[in-house]
Amino acid sequence: MDRTLASVEFSHPALRGASPVTVRQNLDAPSAEEEGTARWVWPGATATARWLCDRDRGRWLENKHVLELGSGTGLLGLVAARLGAASVTLTDLPSELDLLRANVALNSIAASSPTRVEPLVWGDETGMLQLIDRARLPSGFDVVLCCDLVYRNGDEHQRALARTMRRAMGDAAFPGAENATSETKKKKTESSRVAVVAYQFRENVLGDSPFFDEVDVLFADPRRHDTEDEDLWLFEYRPKTER
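Note that the structure is a prediction, hence the values are computed from the model and not measured. (Residues numbered from 1 in each chain as written. Predicted model: local features only at pLDDT ≥ 70, side-chain atom pairs only at ≥ 80, totals over all residues. Heavy atoms only, no water.)

### Section: the sheet that holds strand E3 (residues 65-69)
To be explicit about the condition: The rule for pairing is simple: two strands pair if DSSP sees at least two bridges between them. In DSSP terms, a helix is any run of H or I states spanning at least four residues, a strand is any run of E spanning at least two, and both are numbered starting from the N terminus. Between the N-to-C directions of two axes lies an angle of 0 to 180 degrees, each axis being a line fitted to C-alpha atoms and, for a helix, fitted only over the stretch in contact. We call two residues contacting when some pair of their heavy atoms lies within 4.5 Å.
Spatially, the 7 strands line up as an open sheet ordered E5-E4-E3-E6-E7-E9-E8, and their pairing is mixed. Of all the strands in the sheet, the pair left with one neighbour each is strand E5 (115-119) and strand E8 (223-225). Taken pair by pair, the neighbouring strands of this sheet meet at an average axis angle of 20 degrees, ignoring direction. Pairing between E8 and strand E9 (residues 232-237): 3 bridges, direction antiparallel. Bridging from a neighbouring strand, Arg 224 pairs with Phe 235 of E9. Strand contacts of helix H1 (residues 43-54): strand E6 (143-147), strand E7 (194-200), E8 and E9, with the helix running at about 45 degrees to E9, the strand carrying the most contacts.

Now the structure itself:
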């Protein structure tokens, strides 16, 4: 991570269009209202972006509705937009949206998918339901991207992230799901929805256990993938299916 660069470029043969994905970094000192970690491209982001592109040359994201949580600069979501996603929604705290909007505008000509920026606080269930409604996705998002989000978070903040990941994919595991029709349950059981979680190992796994404990409750056992960064643990989670 180079915090001296005004912008960072990402290129890969799988990207649609000739130009790289370019995101600006915010080199100014954060104010008291801003989250300092959201203004740079962290090392895990570039490794995860490359994994998104390398996997089936990015075709696995084609026609998928993608949500990125804690987008920061928006690099991952903008890469997904260049891999043929049906739509991409980038989210972060309300105080961090100016940089996201600027980076969407910077890549708007090259992007191949509709890309939106939305405020979202983890654990805000009403906010997530409203976001899903504005995206016109009554069954939730197909793919949820989470990169380097668990870092010195409080326990409840970590649990809120896990619940937000799951809520973004629909309501099969939440109160009221037992009233769903058999056809709806069948569709949810057969769902291919997935959350991609990139976790940078920083010798603080015990402190980050509330997130993984909550994820274990809400999702089936993950599939782990290797990346170019040996300290980056990349997990693929799918919602637990109806029984």
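Structure shown, so let's carry the discussion forward.
### Quick notes on helix H4 (residues 125-134)
Because an α-helix packs 3.6 residues into every turn, residues spaced three or four apart end up facing the same way. Worth spelling out the cut-off: Burial classes follow relative accessibility: with a 1.4 Å probe on protein chains only, a residue under 20% of its type's maximum area counts as buried, one over 50% as exposed, and anything between as partly exposed. By definition, the arc is the one covered by directions from the helix axis to the C-beta atoms. For this analysis, a polar contact is any N or O atom pair within 3.5 Å, provided that within protein one partner can donate a hydrogen and the other can accept it, and provided that sequence-adjacent residues contribute only side-chain to side-chain pairs.
Among all positions in H4, only Gly 127, Met 128, Leu 131 and Ile 132 are buried. The buried residues of H4 all sit within an arc of 135 degrees when viewed along its axis, so they share a single face. Taken together, the buried residues of H4 touch E3, strand E4 (87-92), E5 and helix H5 (155-167). With a side-chain oxygen lying 3.4 Å from the backbone nitrogen of Thr 126, the N-terminal cap of H4 falls on Asp 124. A positive backbone phi angle near 60 degrees is found at Arg 136, which sits one or two residues after H4.

### Some thoughts on the pairing of strand E1 (residues 7-10)
The alternating pattern of E1 places Val 8 and Phe 10 on a buried face, while none of Ser 7 and Glu 9, on the opposite face, is buried. In the sheet, E1 pairs with strand E2 (residues 21-24) via 4 bridges, with the strands oriented antiparallel. Counted as the bridge partner of Val 8 is Val 23 from E2.

### As for the side chain of Arg 166
Inspection of the secondary structure assignment puts Arg 166 in helix H5. The exposure class of Arg 166 is buried, given its relative accessible area of 0%. A polar contact of 3.1 Å, which involves the side chain of Arg 166, links it to the backbone oxygen of Gly 170.

### Some remarks on the layout of surface pockets
For clarity, the cut-off: Cavity and pocket criteria rest on a 1 Å grid covering protein atoms alone: a 1.4 Å probe that fits but cannot get out defines a cavity, protein on both sides within 12 Å along at least 5 of 7 lines defines an open pocket, and an atom within 4 Å of a point defines a lining residue. Grid points are joined across faces, edges and corners, and a volume is the space filled by probe spheres set on the points. We call Asp, Glu, Lys and Arg charged. Ala, Val, Leu, Ile, Met, Phe, Trp, Tyr, Cys and Pro are nonpolar, and the rest, Gly among them, are polar.
Put simply, the largest pocket is a space of about 570 Å³. Forming the boundary of the largest pocket are 29 residues, of which Thr 37, Ala 38, Gly 70, Asp 148 and Leu 149 lie nearest the centre. Going through the elements one at a time, E3 and helix H2 (75-81) are the ones with two or more residues in the lining of the largest pocket. Class assignment of the residues belonging to the lining of the largest pocket gives a composition of 15 nonpolar, 8 polar and 6 charged.

### Side note on the pattern of salt bridges
This is how the line gets drawn: One side-chain nitrogen of Lys or Arg within 4 Å of one carboxyl oxygen of Asp or Glu is enough to make a salt bridge.
Evaluated as defined, the whole model comprises 12 salt bridges. Notably, a salt bridge pairs Glu 118 with Arg 116, separated by 2.4 Å at the nearest N-O pair. Glu 118 sits in the buried class, given a relative accessible area of 8%. The salt bridge partner of Glu 156 is Arg 163, with a shortest N-O separation of 2.5 Å. With relative accessibility at 29%, the residue Arg 163 sits in the partly exposed group. In this structure, a network of salt bridges that share partners links the residues Glu 156, Arg 159, Arg 163 and Glu 214.

### A few points about the nonpolar core
Note the cut-off: In these notes, a set of buried Ala, Val, Leu, Ile, Met, Phe, Trp, Tyr and Cys residues joined through side-chain atoms within 4.5 Å is what counts as a nonpolar core.
One finds Trp 60, Val 66, Leu 75, Val 79, Leu 83 and Leu 145 to be the most contacted residues of the largest nonpolar core, which totals 38 residues. Judged by nonpolar contacts, the second largest core, of 29 residues, contains Leu 120, Val 197, Tyr 199 and Phe 211.

### Looking at the confidence of the model for the chain
Our working definition: Scored from 0 to 100, pLDDT records how confident the predictor is in each individual residue.
Counting all residues, the mean pLDDT for the chain is 87, and 87% of those residues have values of 70 or more. Model confidence for the chain, summarised as mean pLDDT per element, is weakest for helix H6 (residues 182-189) at 44 and strongest for E3 at 98. Segment residues 173-190: pLDDT under 50, and 16 contacts once partners within four positions in sequence are set aside and those in other chains are kept.

### A word on the packing of aromatic side chains
As a reminder of what qualifies: Stacked, edge-to-face and tilted are the three classes for Phe, Tyr and Trp ring pairs, Trp counted by its six-membered ring, which pair at centre distances within 6.5 Å; planes under 30 degrees apart are stacked, over 60 edge-to-face, the rest tilted. Whether a charge sits over a ring depends on NZ of Lys or CZ of Arg being within 6 Å of the ring centre and within 35 degrees of the ring normal.
According to the stated counting rule, one finds 10 aromatic pairs in the structure shown. For the ring pair Phe 201 and Trp 233, a centre distance of 5.1 Å and an interplane angle of 15 degrees mean the geometry is stacked. Residue Phe 201 is located in the loop between E7 and helix H7 (209-218), and its partner Trp 233 is located in strand E9; the two are separated by 32 residues in the primary sequence. With a centroid separation of 6.0 Å and an interplanar angle of 40 degrees, the aromatic rings of Phe 235 and Tyr 237 are classed as tilted. Tyr 237 gets classed as buried once you look at its relative accessible area, which sits at 2%. Connected via pairs of aromatic rings, a cluster forms that spans Tyr 199, Phe 201, Phe 211, Phe 212, Phe 219, Trp 233, Phe 235 and Tyr 237. The ring of Trp 60 has Arg 55 lying over it, and the distance from NZ or CZ to the ring centre is 4.6 Å.

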